[in-house]
Amino acid sequence: MTAAPVSAAQAIGEYLQSPDDLVKVSAFRKKLEKEKASIDARLKNGVKEQLQATRAGLKRLLSTRDYVQAIKDEMIIVEKECEDPQIRVATFDQISRVSIVHRNFESTEEMVNNLLDMAAKLSDLERMLAADSQDILGPAPNLLVIHFQLNQLERFRNQTMHQAKKASESSRATLARWFERLNNVITAFDEYIIELARNILNLVRAGHPEVVVRLIKIAEVEGREDEKAVALRFVKKAAKLDAALKFKSMQANSRVLKHYRSKVIKAIAESIKVKFEEAYARDLEQPVAFLASLTWIYQDIIRIEEDVVPCFPPEYDIYSHYIREYHKSLNNVLKQISASKPEASVLLTLFDWIKEYRQNMKELSVPSEYLEPPLLEGKEQALIDDYLHVIIQKLDEWSQNLMKTEISEFTKREDPPELDSEGMYGTQGAVILFQMVNQQVDLATESGQGAILARVISEVNRVMRGIQERWVKVIEGEYKKQIEKPEEVSGGLVEYCIALANDQIKSADYTEALLARIEPLVSEKYRVTINERLNDAIDGYLDVAKKCMQTLIDIIFNDLKPATKVLFQQPWYDGVMTQIVETMRDYMADYQSYLNPSLLELLVDDLLDNFLVTYLNALANCPKLRMPAAAERMKQDISEVFPFFSTLKPAKEIQPQFEVVEMVLSLLEASKDMVFLSYWSFAKVHGPNIAFVDGLMKARGDFDRSAVSDVMDSVKRKVKDEGLKDPPEPTLMKKVAVQNAFSRFLRT
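Criteria and thresholds
- Residues numbered from 1 in each chain as written.
- Predicted model: local features only at pLDDT ≥ 70, side-chain atom pairs only at ≥ 80, totals over all residues.
- Heavy atoms only, no water.
- Helix = DSSP H or I, 4+ residues; strand = E, 2+ residues; numbered from the N terminus.
- Rg over C-alpha atoms; globule rule 2.2 N^0.38 Å.
- Buried < 20%, exposed > 50% of the residue type's maximum accessible area, 1.4 Å probe, protein only.
- Contact = heavy atoms within 4.5 Å.
- Areas by Shrake-Rupley, 256 points an atom, 1.4 Å probe, with all protein chains shown as cover.
- Lys, Arg positive; Asp, Glu negative; His and termini not counted.
- Charge placed at Lys NZ, Arg CZ, Asp CG, Glu CD.
- Salt bridge = Lys/Arg side-chain N within 4 Å of Asp/Glu carboxyl O.
- Disulfide = S-S within 2.5 Å.
- Axes fitted to C-alpha atoms, helices over the stretch in contact; angles between N-to-C directions.
- Left-handed = near helix turned anticlockwise from the far one by under 90°.
- Phe/Tyr/Trp six-rings, centres within 6.5 Å; stacked < 30°, edge-to-face > 60°.
- Lys NZ or Arg CZ within 6 Å of the ring centre and 35° of its normal.
- Core = buried A, V, L, I, M, F, W, Y, C linked by side-chain atoms within 4.5 Å.
- Patch = residues over 30% accessible without salt bridge, like charges linked within 9 Å, V, L, I, M, F, W, Y side chains within 5 Å.
- pLDDT = per-residue confidence, 0-100.
- Parallel < 35°, antiparallel > 145°, perpendicular 65-115°, else oblique.
- Nonpolar A, V, L, I, M, F, W, Y, C, P; charged D, E, K, R; others polar.
- Expected span 1.5 Å × (residues − 1).

1. Describing the overall build of the protein
The helix and strand inventory of the protein stands at 28 helices and two strands. What you see for the protein is a C-alpha radius of gyration of 55 Å, clearly larger than the 27 Å of a compact globule of 748 residues, by over 25%. Projecting the C-alpha coordinates of the protein onto the three principal axes gives extents of approximately 165 × 120 × 45 Å. Taking all 748 residues of the protein together, the buried fraction comes to 39%. Long-range pairs, those at least 24 residues apart, make up 77% of the contacts in the protein between residues at least 6 apart in sequence. With an accessible surface of roughly 42300 Å², the protein has 54% of that area assigned to carbon and sulfur atoms. In the protein, 98 positive and 113 negative side-chain charges are present, and the distance between their average locations comes to 11 Å.

In structure tokens:
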């Protein structure tokens, strides 16, 4: 910033800081007057010098204007005299005609001599061209000589044919025949030049960079000749030409433009394209092998930078051209691979290779702008989507084919199920499914990306849940047919349900092993998702296994319907429990032999629960009980059933489940006054169950209505006073369904 201007008062103030400074005023005034006089003198001299310089400049400007006008006038005179030389030279017309005739004689003589010598020259050129062409990667010693001589012959041909445009057709045809051999040699040389351009990198590798230099030198020479011809053609259109320029214009019009530079650049691009296409064709059926072999790309780039670039002028920017063409050709091949619907492993390999390619090019210091557009248009993430699509497609296809076979065997049941190494029923379905699953999971694991693995596991879960749902429907359908039309269905449903249940446990174990294997391979972010999906699949397998076991139990009780229907009816007093126990014993013999031990243990618990619920349901809904015969019959039933279940499970473990029957029996045996005590023991464990107790009391043949009323009043009062509620965990009594009085009446 410039300093603020100082006023006169401020300047004086700097000198007059105290009263004593007033003595110095006269001295200070003289000092200022001297400074002013000095400044005025300098300003006067400066103004004088500037005026003198300005005056001299104006004089020069005026004299220059006079000179320019004089030159202009002289140029006008020269132009007029040039337009019509006859004004100055009376014999100019004769001189001009003689000059033209002389030039035509010289031209004709030269043309005849060239035509006579052309055959011998062409023979030499053909011999040299054939020698160099035999080894395209050789030293090409004759390249420049061939070009020079051929260029002279070609110029001669162009001028001759241009001059012959006004000649007769037969003359032009004769000349064309004379130059036919030359045309063939020129064509062969052009092809040789293009072939050299296609092999620039190979020439450098063969130790002949000088050939590349010669090639580019020829392209430069021809390029300059092309530029001159084009420039003269434009000049001819723009202005009138004198005789010399007309002759040069004739040469320009006769020249055939070569465009060698653009042809060389194009040949380089074509050679790179062919190189990639041939490499891909060699491994067309093995894309992974093709990708693995592409290390030559980086070797080529290093060689180009070190040995090819020095052979070219800077304006060619040949390094950029090579890199862009390599990238472009590579991109085209990768698009072909992507569009060929490759296997999932190929897609993952391609995805990883593209990442490695970017890193390698970065390490080679290749500018990013040379690698545009990105490989696969920057949509390599779509490879993952394609990979997942293939996984989904394969899993769906394989699982559908597998389920088609498995369901067909399950529904037809033509042969008994296979036995595994432990003597248990089973099928190959679980093994085959998890072979497919592990194969796809291994591929996803190789990608090293937790996101991919998590998405694959999600798809695996979807397939597994779909299979599980289909099995549940098949089981339900087959059981329904067995119940409704037993004569139309194949036997063996029990055996196949056992085999299916065993398979579900195997599948759950396989899934758990899969989870343990891949969980440590991913971060916490994806571990949660994988854990949830696979645990969900495990739960699904256990649900199907439970469905199989429930079906096995339903089959037993479907056979027991004739016996269970008469429980607590008149035939029951004669004894039906033996039939029930023996039926269950027969079924359990098969279950114990071929069912997975862990499932067998659950099956025994469920069978016991189902039996007790069936028994108590029959009791809760019976119309009348003959007392005390009913209590005695129940004791006999328990004495038959308990030993049977003791063969399936230790007695001390099943005793708690039988306690509910003993409590109910106590309610039946208790007198009117003692029922309350038996009920209290029952209610503390199983809750109030007012409807059940009321029905039981009404069914007792030894109680009249008033007794039942008194008993129930005391029960309800106690429930209210003690605030009795259902236990936190439902007991077996929760499954007992008490019918209304009208329904029980209909059973009588």
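2. Brief notes about the pattern of salt bridges
Where charged atoms from two side chains of opposite charge approach closely, those side chains can pair. According to the stated counting rule, one finds 33 salt bridges in the structure shown. Ionic pairing is found between Arg633 and Asp637, a salt bridge with its closest N-O pair at 3.6 Å. One end of the pair, Arg633, and the other, Asp637, are both in helix 23 (residues 629-648), four residues apart, so they sit about a helical turn from each other. Residues Arg633 and Asp637 agree in their burial class; the two are buried. Glu640 serves as the salt-bridge partner of Arg633, at 3.8 Å between the closest nitrogen and oxygen. Judged by its relative accessible area of 9%, Arg633 is buried. Each member of the salt-bridge network shares a partner with another, and the members are Glu154, Arg157 and Lys258.

3. Looking at the state of the cysteines
Taken as a whole and judged by the stated rule, the model has zero disulfides. The thiol sulfur of Cys497 is not disulfide-bonded, and the nearest other cysteine sulfur, from Cys548, lies at 5.4 Å.

4. Some words on the side chain of Asp283
Structurally, the position occupied by Asp283 is in the loop between helix 10 (260-282) and helix 11 (287-292). Within the buried set, Asp283 has no salt-bridge partner at all; the shortest N-O distance to an opposite charge, 5.6 Å, is to Arg282. Setting aside its immediate chain neighbours within four residues, Asp283 contacts Ala289, Phe290 and Ser293.

5. Thoughts on the packing of helix 25 (residues 675-686) against helix 26 (residues 690-699)
Across the interface, helix 25 lies against helix 26 with an axial gap of 12 Å and an inter-helix angle of 145 degrees. The handedness of the crossing between helix 25 and helix 26 is right-handed. In contact with Val675, Tyr679 and Phe682 of helix 25, helix 26 contributes Ile690, Phe692, Val693 and Met697.

6. Observations regarding the packing of aromatic side chains
Summed over the entire model, instances satisfying the criterion amount to 26 aromatic pairs. Residues Phe410 and Trp471 carry aromatic rings whose centres are separated by 5.4 Å and whose planes lie at 65 degrees to one another, so their mutual orientation is edge-to-face. Separated by 61 residues along the polypeptide, Phe410 in helix 15 (residues 381-412) and Trp471 in helix 17 (residues 450-484) bring together distant segments of the chain. Per residue, the accessibility class of Phe410 equals that of Trp471, and both read buried. Lying over the aromatic face of Trp680, Lys718 brings its terminal NZ or CZ to 5.1 Å of the ring centre.

7. What about the nonpolar core?
Soluble globular proteins tend to bury their nonpolar side chains together. Grouped together as the largest cluster of nonpolar side chains are 208 residues, with contacts concentrated most on Trp353, Tyr387 and Phe645. Excluding residues within four positions of it along the chain, Tyr387 makes contact with Ala344, Leu347, Leu348, Gln440, Leu443, Ala444, Ile452 and Val456.

8. Structural notes on a negative patch on the surface
A contiguous patch of negative charge on the surface is contributed by Glu409, Glu414, Asp415 and Glu418. Its place among the elements puts Glu409 in helix 15. Classification of Glu409 as partly exposed rests on a relative accessible area of 41%.

9. Observations regarding unusual backbone geometry
In most cases, non-glycine residues show a negative phi, while peptide bonds are predominantly trans. Note the cis peptide between Glu372 and Pro373, where omega equals -5 degrees. The residue Pro373 is located in the loop between helix 14 (344-363) and helix 15 in this model. Cis geometry is found at the peptide bond from Met627 to Pro628, where omega equals 10 degrees. Structurally, Pro628 can be placed in the loop between helix 22 (597-620) and helix 23. Despite not being glycine, Ser365 has its phi angle at roughly 60 degrees, a positive value. Of note, Ser365 is situated in the loop between helix 14 and helix 15. Despite not being glycine, Asn689 has its phi angle at roughly 50 degrees, a positive value.

10. A look at the confidence of the model for the protein
For the protein, per-residue confidence averages 86 on the pLDDT scale, and residues scoring 70 or more make up 91% of the total. Low pLDDT, under 50, characterises residues 240-245; the stretch is placed with four contacts to residues that sit more than four places away or in other chains. This stretch, residues 247-252, has a pLDDT under 50; its non-local contacts, to residues over four places away or in other chains, come to nine contacts.

11. What to know about the packing of helix 25 against helix 27 (residues 705-722)
One can describe the packing of helix 25 onto helix 27 by two numbers: an axis separation of 10 Å at closest approach and a directional angle of 40 degrees. It follows that helix 25 is oblique to helix 27 by the angle criterion. Where helix 25 crosses over helix 27, the handedness of that crossing is right-handed. Across the interface between the two elements, Val675, Phe676, Tyr679 and Trp680 of helix 25 pack against Val711, Ser714, Val715, Lys718, Val719 and Glu722 of helix 27. Split by residue class, the contact of helix 25 with helix 27 holds seven nonpolar, one polar and two charged.

12. Examining helix 10
For helix 10, spanning 23 residues, the distance from its first C-alpha to its last is 32 Å, which sits close to the expected 33 Å at 1.5 Å a residue. Those residues of helix 10 that fall on the buried side of the exposure criterion are Tyr260, Val264, Ala267, Ile268, Ala269, Ser271, Ile272, Phe276, Ala279 and Tyr280.

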